[in-house]
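Listed below, chain by chain, are the residues.
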Amino acid sequence: MPKRFRSELEKNFLIDAIDAFNRRLLIISPDHKILAANNTAMEGHPEGIIGKSCYEVIPGCSSPCPNCPASEVLKTGKASLRYDQCFNFSGTMDMLCLYSYPVWRGDNVDALVMLDFDLPALKNIEERRIRSNAFLRNLIHSAVDGVIASDPTGKILIFNEAAAQVSGFSVEEALNDITIRDVYPEGGAHEVMKMLLSEEYGGKGKLISYHIDAKHKSGAIIPISLNASIVYENGKKVATIGFFHDRREEIRMQKALEKTQIQLLQAEKMASLGKMAAGVAHQLNNPLSGIILFTKLVMEEYDLPKDALQDLERVLDDANRAKDIVKELLEFARQTSHDMKPQDINDIISRTVFLLENQSIFHNIKIEKNLDPNLPQIKGDAQQLNHVFMNTILNAADALEGSGKLALKTCFSPETGRVCIEISDTGTGIPADVLPHIFEPFYTTKDQGKGTGLGLSMVYGIVESHGGSVRAESELGKGTTFYIELPVAEGQEGGGKIG
Ligand SMILES: Nc1ncnc2c1ncn2[C@@H]1O[C@H](COP(=O)(O)OP(=O)(O)OP(=O)(O)O)[C@@H](O)[C@H]1O
Ligand SMILES: [Mg+2]
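**Topic: the packing of helix 12 (residues 382–400) against helix 13 (residues 455–465)**
One can describe the packing of helix 12 onto helix 13 by two numbers: an axis separation of 9 Å at closest approach and a directional angle of 145°. Once helix 12 is placed against helix 13, the crossing between them reads as left-handed. Note on element contacts: helix 13 touches helix 12 through G455, L456, M458, V459, I462 and V463, opposite Q384, H387, V388, N391, T392 and N395. By residue class, the composition of the contact of helix 12 with helix 13 is six nonpolar, six polar and no charged.

Dropping the structure here:
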């Protein structure tokens, strides 16, 4: 600012104002000689201080104080504030706040102004600053989301408790031993930075709700949702900060929901197929009964030649086969009557295996039984349950193509109050596009004449009519497991075998 003319009166007022100022004010030369002082600074120095070195007069030293703000001003040419333990103006050690600024003449510092501040007021500000910093730190550390901030070299500056929980690194480890690159899989930190610098993910310097993988200390990959931004100070990039949460539970719930939706769709599909199957079966039942009845009548009533009798035998056989199919369809549609009694599932399985194991198809198949001896009884129709196991085991034998392992396991789940039956084979497995259809009536992948595709639809119908459920899991080339669950008979819910 250009020098302004001041009248003597104005100058006097200025001096009076400085003298009336109740803080000490000194004007010193660059070599620390006191050039001027206000009245407050003179207090306690009746001998006068002008012309003396400030460090001699005030702290009584032989050289400038090590933390002298005036020396700092001389070095930087800028105002300096020191809040420190130092000699005060009365020569004793104290917490003192000194403010110093330069007085320029042209390009040179002509003199320095030093004044002491009202420490209690400043202390209040400082305390408030410390308190607000502590509050912010607390806020970050107790946040539910993980918070990590790092400087441009990748050094971690902030790492809260939630971040420690997700990443497996302790806060100390994160701050001292690792960098931001260690909390992502190879190249992950770089990818985040690239996205932050691009416009596409929420604007430049921002990344909004981005799904990415983090790396646990153990090396495990953890899917996270990340909000991140670059922190700038005076236009310079000084840090990046990221807020994130673990998505594992969310993903698990999403998968469970999808599975339930698929199961619901499957149940709906099976219910409508059941209705259709029942309709067709009832329509066929009467004409088939008529064909069988009248064929038998013709065979008995008339004296027919041998050839004609043979032909009618054939009609009767085919009609009976058709009747069996109708019966199976009705089983699927759950429209046959059941003889429900308490049953021991282990017994039924053992009987089914006994009937089948001597057949040639099982000769090279190893049958492994792991039946829980304390299985509670279930309420069911033994003959129909026999059909369930027969069909499932025969399917397994077909898939084993003559050799491999068939495992049969039973157990009781007290949580669901159900008996669980697992029938696994090490056979061909079921392709993913076939698996959703296997319980549909007439769905078969077997050659014509080899399978009707009614086996599993019957299984489905019978299990459902027993209040149970059936599902299959399969891996192509490795094998298939059928899981059947049946509710236990009343009074058996606690588990344990009765009499
Ligand atoms: N354990 C298994 N391993 C591989 N595929 C299987 C297995 N069980 C069933 N499948 C598949 O499911 C389809 C339907 O089985 P389902 O028992 O209903 O009919 P099917 O065996 O073909 O004929 P059938 O009416 O004579 O039983 C089979 O054709 C086969 O593709
Ligand atoms: Mg079958």
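That was the structure; now back to the text.
**Details of the sheet that holds strand 17 (residues 479–487)**
Spatially, the five strands line up as an open sheet ordered 12-14-15-17-16, and their pairing is mixed. What marks the edges here is a single partner per strand, and that holds for strand 12 (364–371) and strand 16 (469–475). The sheet shows a mean angle of 15° between the axes of neighbouring strands, taken without regard to direction. Sheet analysis places strand 15 (residues 418–425) next to strand 17, joined by eight bridges and oriented antiparallel. Across the sheet, I423 pairs through a bridge with F482, a residue of strand 17. Contacts from helix 12 reach strand 12, strand 14 (403–413), strand 15 and strand 17, with the element oriented near 25° to strand 15.

**Some words on the environment of R418**
Checked against the element boundaries, R418 lands in strand 15. With 69 residues separating them along the chain, R418 and P487 place their C-alpha atoms 4.3 Å apart.

**Section: the site of ligand 1**
With respect to spatial proximity, 22 residues lie near ligand 1, and among them A399, T444, G451, G455 and L456 are the closest. The set of elements that each furnish at least two residues to the shell around ligand 1 consists of helix 12 and helix 13.

**Observations concerning the packing of helix 9 (residues 248–301) against helix 10 (residues 306–332)**
Remark: helix 9 packs on helix 10, axes separated minimally by 8 Å, with the N-to-C direction vectors making an angle of 155°. Relative to helix 10, the element helix 9 is oriented roughly antiparallel. Two packed elements cross with a definite hand, and for helix 9 against helix 10 that hand is left-handed. When the residues that make up the contact of helix 9 with helix 10 are grouped by side-chain class, the tally is 20 nonpolar, four polar and two charged.

**Section: helix 13**
Counting buried residues along helix 13, nine of its eleven residues qualify, which places the element largely inside the surrounding structure. Listed as buried for helix 13 are G455, L456, S457, M458, V459, Y460, G461, I462 and V463. Along its buried surface, helix 13 packs onto helix 9, helix 10, helix 12, strand 16 and strand 17. The positive-phi residue at the C-terminal boundary of helix 13 is G467, with phi of around 75°.

**Focus on the domain arrangement of the chain**
Under the domain assignment used here, the chain contains domain 1 (8–117), domain 2 (127–246), domain 3 (251–332) and domain 4 (341–487). For domain 3 versus domain 4, the separation of C-alpha centres amounts to 22 Å. Taken together, the contacts link ten residues of domain 3 with eleven residues of domain 4. Elements that contribute at least two residues to the side of domain 3 that touches domain 4 include exactly helix 9 and helix 10. Classifying every residue of the side of domain 3 that touches domain 4 by side-chain character gives six nonpolar, two polar and two charged.

**Observations regarding the sheet that holds strand 8 (residues 206–215)**
Here five strands make up an open sheet; going across it, the order is 7-6-10-9-8 and the pairing antiparallel. Each of the sheet's edge strands pairs with one partner strand only, and the pair in question is strand 7 (156–159) and strand 8. Direction aside, neighbouring strands of the sheet carry axes that sit 25° apart on average. Helix 8 (residues 188–197) contacts strand 8, strand 9 (221–233) and strand 10 (236–246) of the sheet and is inclined by roughly 175° relative to strand 8.

**A word on helix 1 (residues 8–20)**
Between its first and last C-alpha atoms helix 1 spans 18 Å; for 13 residues at 1.5 Å apiece the expected length is 18 Å, and the two agree. The buried count for helix 1 comes to zero of 13 residues, which makes it a mostly uncovered element.

**With respect to unusual backbone geometry**
With phi around 70°, H32 is a residue other than glycine that occupies positive phi space. Mapped onto the fold, H32 is located in the loop between strand 1 (25–28) and strand 2 (34–37). With 21 C-beta atoms counted inside 10 Å, the residue H32 sits in the buried group.

**Re the nonpolar core**
The nonpolar side chains of soluble globular proteins are, as a tendency, buried together. Membership of the largest hydrophobic core comes to 40 residues, with the highest contact counts inside it found for I345, V388, V419, V459, Y460, V463 and I484. Of all the elements in the fold, those that place two or more residues in this core are helix 9, helix 10, helix 11 (345–357), helix 12, strand 14, strand 15, helix 13 and strand 17. A domain split of this core shows at least three residues from each of domain 3 (251–332) and domain 4 (341–487). Excluding anything up to four places from it in sequence, I345 contacts L375, I378, T410, V419, I421 and L486. Within the second largest apolar cluster, 22 residues are counted, among which are I148, A163, L196 and F244.

**Comments concerning the pairing of strand 1**
Taken together, the four bridges between strand 1 and strand 5 (residues 108–116) define a ladder with antiparallel strand orientation. The residue of strand 5 that forms the bridge with L26 is M114. Between the end of strand 1 and the start of strand 2, which pair antiparallel, lie five residues, with H32 showing a positive phi angle near 70°.

**Here we look at the environment of T452**
Inspection of the secondary structure puts T452 in the loop between strand 15 and helix 13. Sequence separation of T452 and I325 is 127 residues, and the distance between their C-alpha atoms is 8.6 Å. Not counting the four nearest positions on each side in its chain, T452 is found in contact with I325, F442 and T444.

Parameters at a glance
Residues numbered from 1 in each chain as written. Chains lettered and ligands numbered in written order. Predicted model: local features only at pLDDT ≥ 70, side-chain atom pairs only at ≥ 80, totals over all residues. Axes fitted to C-alpha atoms, helices over the stretch in contact; angles between N-to-C directions. Helix = DSSP H or I, 4+ residues; strand = E, 2+ residues; numbered from the N terminus. Left-handed = near helix turned anticlockwise from the far one by under 90°. Contact = placed C-beta atoms within 7 Å. Nonpolar A, V, L, I, M, F, W, Y, C, P; charged D, E, K, R; others polar. Pairing = 2+ DSSP bridges. Near = placed C-beta within 6 Å. Parallel < 35°, antiparallel > 145°, perpendicular 65-115°, else oblique. Buried ≥ 20, exposed ≤ 12 C-beta atoms within 10 Å, placed from the backbone. Domains from an automatic or database assignment. Expected span 1.5 Å × (residues − 1). Core = buried A, V, L, I, M, F, W, Y, C linked by C-beta atoms within 7 Å.

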